[in-house]
2 protein chains.
Amino acid sequence: MENRKKQIVDLAIKLVQQKGYVGFSYDDISKQLGVTKASIHYHFEKKEDLGVAITERIITSLQNFLLSIKNSSVSGGDKLKRFIQQQAERFACTEICPISSLQTDFNSLPEIVQKKIEEVSRLELSIMTELVAEAQTEDILNDTDDVQSVAVTILSSIKGALLYRRVLDDDILTGVINQINLILRKS
Amino acid sequence: MENRKKQIVDLAIKLVQQKGYVGFSYDDISKQLGVTKASIHYHFEKKEDLGVAITERIITSLQNFLLSIKNSSVSGGDKLKRFIQQQAERFACTEICPISSLQTDFNSLPEIVQKKIEEVSRLELSIMTELVAEAQTEDILNDTDDVQSVAVTILSSIKGALLYRRVLDDDILTGVINQINLILRKS
DNA sequence: ATAATAACTTACTAATAGGTAAGTGTCAAG
DNA sequence: CTTGACACTTACCTATTAGTAAGTTATTAT
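Residues numbered from 1 in each chain as written. Chains lettered and ligands numbered in written order. Predicted model: local features only at pLDDT ≥ 70, side-chain atom pairs only at ≥ 80, totals over all residues.

Remarks on the protein's contact with DNA strand D
Stated precisely, the cut-off is as follows: By definition, a residue lies near a molecule or strand provided its backbone-derived C-beta atom is within 6 Å of it. In this description a helix means any DSSP run of H or I spanning at least four residues, a strand means any run of E spanning at least two, and both kinds are numbered starting from the N terminus. By the convention adopted, Pro, Cys, Tyr, Trp, Phe, Met, Ile, Leu, Val and Ala count as nonpolar, Lys, Arg, Asp and Glu as charged, and the other residues, Gly among them, as polar.
The environment of DNA strand D is made up of 17 residues, and the closest members are Ser25(A), His41(A), Thr36(B), Ala38(B) and Ser39(B). Secondary structure elements with two or more residues in the surface near DNA strand D: helix H2 (26–33), helix H3 (37–43) and helix H4 (47–70) of chain A together with helix H3 (37–43) of chain B. The class makeup of the residues in the surface near DNA strand D is six nonpolar, four polar and seven charged.

See below:
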(Lines give C-alpha, C1' and ligand atoms only; values in the text may rest on other atoms or scores of the structure.)
Protein backbone atom coordinates (compact mmCIF):
# COMPACT_ATOMS: atom_id res chain seq x y z
CA MET A 1 0.00 0.00 0.00
CA GLU A 2 1.29 3.37 -1.06
CA ASN A 3 -1.60 4.59 1.04
CA ARG A 4 0.06 3.60 4.28
CA LYS A 5 3.06 5.77 3.49
CA LYS A 6 0.76 8.72 2.95
CA GLN A 7 -1.01 7.89 6.21
CA ILE A 8 2.28 7.92 8.09
CA VAL A 9 3.45 11.23 6.64
CA ASP A 10 0.04 12.83 7.29
CA LEU A 11 0.13 11.77 10.91
CA ALA A 12 3.79 12.71 11.28
CA ILE A 13 3.09 16.26 10.11
CA LYS A 14 0.24 16.54 12.58
CA LEU A 15 2.54 15.31 15.33
CA VAL A 16 5.21 17.81 14.30
CA GLN A 17 2.62 20.56 14.61
CA GLN A 18 1.60 19.29 18.04
CA LYS A 19 4.87 18.12 19.60
CA GLY A 20 7.71 19.00 17.27
CA TYR A 21 10.23 16.80 15.45
CA VAL A 22 12.13 15.91 18.62
CA GLY A 23 8.92 15.36 20.56
CA PHE A 24 7.24 12.75 18.39
CA SER A 25 8.31 9.12 18.21
CA TYR A 26 7.80 6.09 15.99
CA ASP A 27 5.83 4.67 18.90
CA ASP A 28 3.35 7.57 18.71
CA ILE A 29 2.77 6.87 15.04
CA SER A 30 2.53 3.09 15.31
CA LYS A 31 0.06 3.21 18.19
CA GLN A 32 -2.21 5.71 16.46
CA LEU A 33 -2.17 3.69 13.24
CA GLY A 34 -2.64 0.37 15.04
CA VAL A 35 0.51 -1.26 13.69
CA THR A 36 3.91 -2.07 15.15
CA LYS A 37 6.81 0.31 15.38
CA ALA A 38 8.86 -1.95 13.11
CA SER A 39 6.24 -1.54 10.43
CA ILE A 40 6.82 2.20 10.41
CA HIS A 41 10.54 1.53 10.11
CA TYR A 42 9.75 -0.66 7.11
CA HIS A 43 8.29 2.34 5.28
CA PHE A 44 10.76 4.90 6.63
CA GLU A 45 13.91 3.16 7.77
CA LYS A 46 15.36 6.11 9.67
CA LYS A 47 13.56 9.00 11.33
CA GLU A 48 15.66 11.13 9.01
CA ASP A 49 13.87 9.56 6.03
CA LEU A 50 10.51 10.40 7.52
CA GLY A 51 11.79 13.90 8.19
CA VAL A 52 12.68 14.31 4.53
CA ALA A 53 9.27 12.97 3.49
CA ILE A 54 7.61 15.47 5.82
CA THR A 55 9.45 18.43 4.33
CA GLU A 56 8.80 17.22 0.78
CA ARG A 57 5.12 16.96 1.54
CA ILE A 58 5.18 20.51 2.92
CA ILE A 59 6.85 21.71 -0.28
CA THR A 60 4.25 20.17 -2.59
CA SER A 61 1.45 21.50 -0.39
CA LEU A 62 2.92 24.98 -0.66
CA GLN A 63 3.26 24.68 -4.42
CA ASN A 64 -0.32 23.46 -4.88
CA PHE A 65 -1.51 26.24 -2.64
CA LEU A 66 0.38 28.76 -4.73
CA LEU A 67 -1.07 27.39 -7.98
CA SER A 68 -4.65 27.46 -6.71
CA ILE A 69 -4.25 31.08 -5.69
CA LYS A 70 -2.45 32.16 -8.84
CA ASN A 71 -5.17 30.64 -11.00
CA SER A 72 -7.94 32.39 -9.09
CA SER A 73 -9.10 35.36 -11.13
CA VAL A 74 -9.11 38.07 -8.49
CA SER A 75 -7.03 41.18 -8.00
CA GLY A 76 -3.53 41.06 -6.56
CA GLY A 77 -4.66 42.56 -3.32
CA ASP A 78 -7.40 39.97 -2.95
CA LYS A 79 -4.95 37.17 -3.69
CA LEU A 80 -2.79 38.41 -0.85
CA LYS A 81 -5.74 38.67 1.51
CA ARG A 82 -6.96 35.22 0.50
CA PHE A 83 -3.52 33.77 1.13
CA ILE A 84 -3.38 35.33 4.58
CA GLN A 85 -6.86 34.16 5.43
CA GLN A 86 -6.27 30.58 4.30
CA GLN A 87 -2.89 30.46 5.96
CA ALA A 88 -4.63 31.31 9.21
CA GLU A 89 -7.58 28.93 8.80
CA ARG A 90 -5.36 25.96 7.97
CA PHE A 91 -4.55 25.27 11.60
CA ALA A 92 -6.60 24.02 14.51
CA CYS A 93 -6.50 26.06 17.68
CA THR A 94 -3.65 24.22 19.39
CA GLU A 95 -1.74 23.54 16.19
CA ILE A 96 1.08 25.68 14.92
CA CYS A 97 2.66 25.88 11.46
CA PRO A 98 4.78 22.78 10.79
CA ILE A 99 7.46 24.96 9.23
CA SER A 100 7.70 27.04 12.41
CA SER A 101 7.91 23.86 14.44
CA LEU A 102 10.78 22.51 12.35
CA GLN A 103 12.54 25.89 12.42
CA THR A 104 12.36 25.79 16.20
CA ASP A 105 13.83 22.27 16.31
CA PHE A 106 16.37 23.21 13.62
CA ASN A 107 19.50 22.51 15.68
CA SER A 108 18.28 19.03 16.60
CA LEU A 109 17.47 18.02 13.03
CA PRO A 110 19.60 15.74 10.81
CA GLU A 111 21.59 17.70 8.25
CA ILE A 112 19.50 16.61 5.27
CA VAL A 113 16.32 17.76 6.97
CA GLN A 114 17.99 21.04 7.92
CA LYS A 115 18.73 21.70 4.27
CA LYS A 116 15.18 20.82 3.31
CA ILE A 117 13.82 23.25 5.89
CA GLU A 118 16.04 25.96 4.51
CA GLU A 119 14.58 25.20 1.09
CA VAL A 120 11.00 25.23 2.38
CA SER A 121 11.53 28.54 4.17
CA ARG A 122 13.00 30.14 1.10
CA LEU A 123 10.14 28.82 -1.05
CA GLU A 124 7.49 30.07 1.35
CA LEU A 125 9.14 33.46 1.45
CA SER A 126 9.43 33.72 -2.31
CA ILE A 127 5.75 32.83 -2.73
CA MET A 128 4.78 35.49 -0.24
CA THR A 129 7.10 38.04 -1.85
CA GLU A 130 5.56 37.31 -5.24
CA LEU A 131 2.06 37.92 -3.88
CA VAL A 132 3.12 41.13 -2.18
CA ALA A 133 4.83 42.33 -5.34
CA GLU A 134 1.67 41.72 -7.34
CA ALA A 135 -0.33 43.65 -4.75
CA GLN A 136 2.12 46.52 -4.95
CA THR A 137 1.36 47.10 -8.64
CA GLU A 138 -2.08 48.14 -7.44
CA ASP A 139 -2.71 50.83 -4.86
CA ILE A 140 -2.35 48.42 -1.96
CA LEU A 141 1.19 49.26 -0.94
CA ASN A 142 3.50 52.22 -0.68
CA ASP A 143 6.52 51.83 -2.89
CA THR A 144 8.72 53.07 -0.09
CA ASP A 145 8.14 49.60 1.37
CA ASP A 146 10.64 46.89 0.66
CA VAL A 147 8.60 44.09 -0.86
CA GLN A 148 10.62 41.29 0.68
CA SER A 149 10.48 42.88 4.13
CA VAL A 150 6.72 43.27 3.94
CA ALA A 151 6.42 39.62 2.94
CA VAL A 152 8.58 38.41 5.83
CA THR A 153 6.75 40.64 8.26
CA ILE A 154 3.33 39.31 7.28
CA LEU A 155 4.47 35.68 7.42
CA SER A 156 6.33 36.17 10.68
CA SER A 157 3.41 37.82 12.40
CA ILE A 158 1.06 35.00 11.44
CA LYS A 159 3.50 32.32 12.57
CA GLY A 160 4.19 34.15 15.81
CA ALA A 161 0.49 34.69 16.45
CA LEU A 162 -0.12 30.94 16.16
CA LEU A 163 2.35 30.45 19.02
CA TYR A 164 0.55 32.92 21.26
CA ARG A 165 -2.84 31.50 20.35
CA ARG A 166 -1.71 28.06 21.44
CA VAL A 167 -1.32 29.21 25.04
CA LEU A 168 -3.80 32.12 25.18
CA ASP A 169 -7.17 32.98 23.66
CA ASP A 170 -8.29 31.83 20.27
CA ASP A 171 -8.89 35.39 19.01
CA ILE A 172 -5.22 36.37 19.27
CA LEU A 173 -4.78 35.27 15.68
CA THR A 174 -7.83 37.05 14.30
CA GLY A 175 -6.59 40.26 15.92
CA VAL A 176 -3.29 39.94 14.07
CA ILE A 177 -5.01 39.12 10.78
CA ASN A 178 -7.22 42.19 11.12
CA GLN A 179 -4.21 44.32 11.91
CA ILE A 180 -2.33 43.07 8.83
CA ASN A 181 -5.32 43.84 6.64
CA LEU A 182 -5.59 47.30 8.19
CA ILE A 183 -1.94 47.98 7.46
CA LEU A 184 -2.30 46.80 3.87
CA ARG A 185 -5.31 49.03 3.36
CA LYS A 186 -3.74 52.09 4.90
CA SER A 187 -0.25 52.26 3.56
CA MET B 1 26.64 27.84 46.32
CA GLU B 2 23.55 29.69 45.28
CA ASN B 3 25.70 30.58 42.31
CA ARG B 4 25.54 27.08 40.90
CA LYS B 5 21.76 27.22 40.73
CA LYS B 6 21.96 30.44 38.78
CA GLN B 7 24.56 28.85 36.51
CA ILE B 8 22.26 25.92 35.80
CA VAL B 9 19.22 28.09 35.03
CA ASP B 10 21.31 30.38 32.80
CA LEU B 11 22.57 27.44 30.80
CA ALA B 12 19.15 25.80 30.72
CA ILE B 13 17.60 28.92 29.19
CA LYS B 14 20.32 29.03 26.57
CA LEU B 15 19.67 25.36 25.80
CA VAL B 16 15.93 26.01 25.55
CA GLN B 17 16.67 28.74 23.02
CA GLN B 18 18.91 26.39 21.06
CA LYS B 19 17.18 23.01 21.33
CA GLY B 20 13.88 23.48 23.12
CA TYR B 21 12.60 22.05 26.40
CA VAL B 22 12.20 18.54 25.03
CA GLY B 23 15.53 18.72 23.24
CA PHE B 24 17.83 19.50 26.13
CA SER B 25 18.84 17.01 28.79
CA TYR B 26 20.39 16.97 32.26
CA ASP B 27 23.36 15.36 30.57
CA ASP B 28 23.83 18.42 28.34
CA ILE B 29 23.89 20.65 31.39
CA SER B 30 26.14 18.48 33.55
CA LYS B 31 28.71 18.03 30.79
CA GLN B 32 28.89 21.74 30.00
CA LEU B 33 29.24 22.61 33.69
CA GLY B 34 31.77 19.86 34.33
CA VAL B 35 29.76 18.13 37.07
CA THR B 36 27.71 14.94 37.22
CA LYS B 37 24.11 14.58 36.17
CA ALA B 38 23.15 13.69 39.74
CA SER B 39 24.51 17.02 40.90
CA ILE B 40 22.05 18.82 38.66
CA HIS B 41 19.30 16.67 40.13
CA TYR B 42 20.47 17.76 43.58
CA HIS B 43 19.67 21.37 42.73
CA PHE B 44 16.57 20.65 40.62
CA GLU B 45 15.16 17.26 41.55
CA LYS B 46 12.82 16.96 38.58
CA LYS B 47 13.13 18.49 35.13
CA GLU B 48 9.77 20.04 35.94
CA ASP B 49 11.43 22.00 38.78
CA LEU B 50 14.07 23.31 36.42
CA GLY B 51 11.29 24.17 33.98
CA VAL B 52 9.56 26.26 36.62
CA ALA B 53 12.85 27.98 37.52
CA ILE B 54 13.40 28.79 33.85
CA THR B 55 10.00 30.42 33.48
CA GLU B 56 10.41 32.33 36.73
CA ARG B 57 13.73 33.67 35.53
CA ILE B 58 12.08 34.76 32.30
CA ILE B 59 9.39 36.56 34.27
CA THR B 60 11.83 38.55 36.40
CA SER B 61 13.90 39.39 33.32
CA LEU B 62 10.79 40.75 31.63
CA GLN B 63 9.85 42.78 34.69
CA ASN B 64 13.34 44.28 35.02
CA PHE B 65 13.31 45.06 31.35
CA LEU B 66 9.97 46.81 31.71
CA LEU B 67 11.19 48.86 34.67
CA SER B 68 14.35 50.00 32.90
CA ILE B 69 12.31 51.18 29.95
CA LYS B 70 9.57 52.81 32.00
CA ASN B 71 12.14 54.80 33.98
CA SER B 72 13.90 56.04 30.86
CA SER B 73 12.83 59.61 30.24
CA VAL B 74 11.96 59.46 26.56
CA SER B 75 8.71 59.80 24.67
CA GLY B 76 6.20 56.93 24.45
CA GLY B 77 7.05 56.33 20.83
CA ASP B 78 10.74 56.12 21.60
CA LYS B 79 10.08 53.70 24.45
CA LEU B 80 8.26 51.46 22.04
CA LYS B 81 11.04 51.67 19.48
CA ARG B 82 13.64 51.03 22.15
CA PHE B 83 11.75 47.97 23.34
CA ILE B 84 11.54 46.58 19.83
CA GLN B 85 15.20 47.25 19.16
CA GLN B 86 16.38 45.65 22.41
CA GLN B 87 14.03 42.71 22.00
CA ALA B 88 15.70 42.05 18.68
CA GLU B 89 19.28 42.55 19.82
CA ARG B 90 18.89 40.23 22.81
CA PHE B 91 19.38 37.10 20.73
CA ALA B 92 22.36 35.65 18.92
CA CYS B 93 21.88 34.73 15.27
CA THR B 94 20.90 31.10 15.80
CA GLU B 95 19.00 31.73 19.03
CA ILE B 96 15.26 32.24 19.22
CA CYS B 97 13.13 33.71 21.98
CA PRO B 98 12.90 31.26 24.92
CA ILE B 99 9.20 32.06 25.28
CA SER B 100 8.58 31.08 21.65
CA SER B 101 10.54 27.90 22.20
CA LEU B 102 8.46 26.94 25.21
CA GLN B 103 5.23 27.86 23.41
CA THR B 104 6.24 25.51 20.62
CA ASP B 105 6.93 22.68 23.08
CA PHE B 106 3.77 23.55 25.03
CA ASN B 107 2.01 20.20 24.61
CA SER B 108 5.05 18.30 25.87
CA LEU B 109 5.49 20.42 29.00
CA PRO B 110 4.48 19.41 32.54
CA GLU B 111 1.26 21.09 33.63
CA ILE B 112 2.92 23.47 36.09
CA VAL B 113 5.28 24.72 33.41
CA GLN B 114 2.38 25.08 31.00
CA LYS B 115 0.62 27.37 33.45
CA LYS B 116 3.79 29.38 33.96
CA ILE B 117 4.18 29.83 30.21
CA GLU B 118 0.61 31.05 29.99
CA GLU B 119 1.48 33.56 32.71
CA VAL B 120 4.68 34.67 30.95
CA SER B 121 2.87 35.10 27.64
CA ARG B 122 0.15 37.19 29.24
CA LEU B 123 2.73 39.31 31.04
CA GLU B 124 4.75 39.91 27.90
CA LEU B 125 1.63 40.86 26.02
CA SER B 126 0.44 43.26 28.72
CA ILE B 127 3.84 44.96 28.81
CA MET B 128 3.75 45.39 25.07
CA THR B 129 0.17 46.61 25.15
CA GLU B 130 1.06 49.18 27.79
CA LEU B 131 3.90 50.52 25.65
CA VAL B 132 1.70 50.68 22.57
CA ALA B 133 -1.04 52.45 24.53
CA GLU B 134 1.45 55.05 25.71
CA ALA B 135 2.61 55.57 22.15
CA GLN B 136 -0.95 56.00 21.00
CA THR B 137 -1.46 59.07 23.20
CA GLU B 138 1.07 60.73 20.94
CA ASP B 139 0.74 60.94 17.17
CA ILE B 140 2.33 57.57 16.59
CA LEU B 141 -0.80 55.50 16.09
CA ASN B 142 -4.20 55.74 14.52
CA ASP B 143 -6.96 55.34 17.07
CA THR B 144 -8.80 53.07 14.67
CA ASP B 145 -6.16 50.52 15.66
CA ASP B 146 -6.93 48.09 18.43
CA VAL B 147 -4.10 48.60 20.89
CA GLN B 148 -3.92 44.96 21.96
CA SER B 149 -3.90 43.74 18.37
CA VAL B 150 -1.07 46.09 17.45
CA ALA B 151 0.90 44.83 20.44
CA VAL B 152 0.40 41.17 19.53
CA THR B 153 1.24 41.85 15.90
CA ILE B 154 4.53 43.55 16.76
CA LEU B 155 5.55 40.82 19.19
CA SER B 156 4.48 38.04 16.85
CA SER B 157 6.35 39.43 13.90
CA ILE B 158 9.58 39.70 15.90
CA LYS B 159 9.25 36.19 17.27
CA GLY B 160 8.42 34.80 13.86
CA ALA B 161 11.29 36.66 12.24
CA LEU B 162 13.71 35.07 14.70
CA LEU B 163 12.58 31.66 13.43
CA TYR B 164 13.22 32.57 9.80
CA ARG B 165 16.55 34.17 10.65
CA ARG B 166 17.70 30.94 12.25
CA VAL B 167 17.54 29.09 8.94
CA LEU B 168 18.05 31.95 6.46
CA ASP B 169 20.04 35.19 6.32
CA ASP B 170 20.82 37.30 9.32
CA ASP B 171 19.15 40.40 7.88
CA ILE B 172 15.67 38.85 7.84
CA LEU B 173 15.14 40.26 11.30
CA THR B 174 16.40 43.75 10.53
CA GLY B 175 14.00 43.88 7.58
CA VAL B 176 11.08 43.13 9.86
CA ILE B 177 12.23 45.66 12.46
CA ASN B 178 12.47 48.34 9.78
CA GLN B 179 9.04 47.44 8.51
CA ILE B 180 7.50 47.70 11.97
CA ASN B 181 9.06 51.11 12.48
CA LEU B 182 7.78 52.21 9.08
CA ILE B 183 4.27 51.12 9.98
CA LEU B 184 4.42 52.93 13.32
CA ARG B 185 5.58 56.11 11.65
CA LYS B 186 2.99 56.02 8.90
CA SER B 187 -0.27 55.13 10.54
C1' DA C 1 2.43 -25.23 -7.84
C1' DT C 2 6.01 -22.16 -6.93
C1' DA C 3 8.71 -18.26 -6.47
C1' DA C 4 8.86 -13.65 -5.26
C1' DT C 5 7.45 -9.51 -3.41
C1' DA C 6 5.08 -6.34 -0.21
C1' DA C 7 3.59 -5.45 4.25
C1' DC C 8 3.89 -6.61 7.98
C1' DT C 9 5.04 -8.99 13.39
C1' DT C 10 7.99 -10.77 17.00
C1' DA C 11 11.74 -10.19 19.44
C1' DC C 12 15.49 -8.20 20.09
C1' DT C 13 19.71 -4.34 20.71
C1' DA C 14 22.23 -0.20 22.24
C1' DA C 15 21.87 4.36 23.65
C1' DT C 16 19.84 7.83 26.14
C1' DA C 17 16.38 9.78 29.05
C1' DG C 18 14.87 11.15 33.77
C1' DG C 19 15.45 9.85 38.31
C1' DT C 20 17.25 7.82 42.95
C1' DA C 21 19.92 5.89 46.97
C1' DA C 22 23.93 5.78 49.41
C1' DG C 23 28.21 7.42 50.25
C1' DT C 24 32.23 11.24 50.22
C1' DG C 25 34.56 15.47 51.24
C1' DT C 26 34.37 20.17 53.08
C1' DC C 27 33.34 23.55 56.17
C1' DA C 28 31.21 26.18 59.82
C1' DA C 29 28.72 26.21 64.47
C1' DG C 30 28.32 24.54 69.00
C1' DC D 1 36.28 17.50 68.52
C1' DT D 2 32.01 16.46 66.66
C1' DT D 3 27.70 17.29 64.48
C1' DG D 4 25.25 18.63 60.67
C1' DA D 5 24.38 20.78 56.55
C1' DC D 6 25.77 21.51 51.83
C1' DA D 7 27.43 20.25 47.38
C1' DC D 8 28.58 17.00 45.43
C1' DT D 9 30.06 11.60 43.21
C1' DT D 10 29.41 6.71 42.31
C1' DA D 11 26.57 3.50 41.00
C1' DC D 12 22.61 2.22 40.01
C1' DC D 13 17.24 1.67 37.97
C1' DT D 14 13.53 1.95 34.76
C1' DA D 15 11.39 3.69 30.68
C1' DT D 16 11.76 5.17 26.22
C1' DT D 17 14.18 6.02 22.12
C1' DA D 18 15.76 4.81 17.29
C1' DG D 19 16.94 0.95 14.91
C1' DT D 20 17.51 -4.19 13.23
C1' DA D 21 17.24 -9.18 12.08
C1' DA D 22 14.50 -12.93 11.24
C1' DG D 23 10.25 -14.88 10.58
C1' DT D 24 5.06 -14.68 8.89
C1' DT D 25 1.21 -13.92 5.85
C1' DA D 26 -1.19 -12.64 1.78
C1' DT D 27 -1.07 -11.46 -2.97
C1' DT D 28 0.66 -11.65 -7.42
C1' DA D 29 3.42 -13.34 -11.50
C1' DT D 30 5.30 -17.14 -13.94
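From this point on, the discussion continues.
Quick notes on the interface of chain B and chain A
Filter applied, for reference: What counts as a contact is two residues whose backbone-derived C-beta atoms lie within 7 Å of each other.
On the chain A side, the residues contacting the 45 residues of chain B number 45 residues. Mapped onto the side of chain B that touches chain A, the elements with two or more residues apiece are helix H1 (2–23), helix H6 (98–104), helix H7 (111–136), helix H8 (147–167) and helix H9 (171–186) of chain B. By residue number, the principal contributor to the side of chain B that touches chain A is H8(B), which donates 15 residues. Residues of the side of chain B that touches chain A, tallied by class, amount to 16 nonpolar, 20 polar and nine charged.

Points about the relation of the copies chain B and chain A
How we decide: Superposition of the copies was done by least squares, using only C-alpha atoms of residues whose pLDDT is at least 70 in both.
With an RMSD of 0.0 Å, the fit of chain B onto chain A corresponds to turning through 180° and sliding 0.0 Å along the axis. Given the turn and translation reported, the copies of this chain are related as if by a two-fold rotation axis. Looking at the rotation axis and the C-alpha trace of chain B, the residue lying nearest is Ser157(B), at 1.8 Å. The residues that chain B uses at the interface reappear at the interface of chain A in 100% of cases, marking a shared surface.

Some words on the protein's contact with DNA strand C
Taken together, 17 residues are adjacent to DNA strand C, and Thr36(A), Ala38(A), Ser39(A), Ser25(B) and His41(B) come closest. Within the residue set of the surface near DNA strand C, elements represented by two or more residues are H3 of chain A together with helix H2 (26–33), H3 and helix H4 (47–70) of chain B. The residue makeup of the surface near DNA strand C, split by class, is six nonpolar, four polar and seven charged.

What to know about the packing of helix H1 (residues 2–23) of chain A against H1(B)
For clarity, the cut-off: Axis angles are defined between N-to-C directions and span 0 to 180 degrees, where every axis is a line fitted to C-alpha atoms and, for a helix, only to the segment in contact. What sets the label is the angle itself: under 35 degrees gives roughly parallel, over 145 gives roughly antiparallel, 65 to 115 gives roughly perpendicular, and the rest give oblique.
Direction vectors running N to C along H1(A) and H1(B) enclose 105°, while the axes themselves pass 8 Å from each other. It follows from the interaxial angle that H1(A) and H1(B) lie roughly perpendicular. Counting all contacts with H1(A), which are made through Gly20(A), Val22(A) and Gly23(A), the residues of H1(B) involved are Gly20(B), Val22(B) and Gly23(B). Class assignment of the residues belonging to the contact of H1(A) with H1(B) gives a composition of two nonpolar, four polar and no charged.

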